[in-house]
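Coordinate inspection notes
Given next are the chains, with one letter for each unit.
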Amino acid sequence: MIDNFSIALTHGLLLIAAWRLIHRDDLDLEDPPEQDKEPSGFLNRPSNSGSQHDA
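1. Looking at the overall build of the chain
- Secondary structure assignment for the chain yields one helix and zero strands.
- In the chain, which comprises 55 residues, the share counted as buried stands at 0%.
- A total of about 6,400 Å² of accessible surface is found on the chain, and carbon and sulfur atoms cover 57% of it.

Structure representation (structure tokens):
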């Protein structure tokens, strides 16, 4: 009896917490990221004019 009550209580509290989180308006609002001054990463590598071959 106590086991069923404790499982029902904890699952009920989790359900209430999830319900309240789902219905918050500020979850979908996010500021856009600011642009990098100098792009970096794989796609923005400087191109080498010399020929470098992996052999």
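2. Brief notes about helix α1 (residues 2-22)
- Taking 1.5 Å of rise per residue, the 21 residues of α1 would be expected to cover 30 Å, and the 30 Å separating its terminal C-alpha atoms lies within 8% of that figure.
- The buried fraction of α1 is low, at zero of 21 residues.

3. Considering a nonpolar patch on the surface
- Residues Phe5, Leu9, Leu13 and Ile16 make up a contiguous nonpolar surface patch of about 420 Å² in total accessible area.
- Of note, leucine 13 is situated in helix α1.

Cut-offs used in this document
- Residues numbered from 1 in each chain as written.
- Predicted model: local features only at pLDDT ≥ 70, side-chain atom pairs only at ≥ 80, totals over all residues.
- Heavy atoms only, no water.
- Helix = DSSP H or I, 4+ residues; strand = E, 2+ residues; numbered from the N terminus.
- Buried < 20%, exposed > 50% of the residue type's maximum accessible area, 1.4 Å probe, protein only.
- Areas by Shrake-Rupley, 256 points an atom, 1.4 Å probe, with all protein chains shown as cover.
- Expected span 1.5 Å × (residues − 1).
- Patch = residues over 30% accessible without salt bridge, like charges linked within 9 Å, V, L, I, M, F, W, Y side chains within 5 Å.
- Salt bridge = Lys/Arg side-chain N within 4 Å of Asp/Glu carboxyl O.

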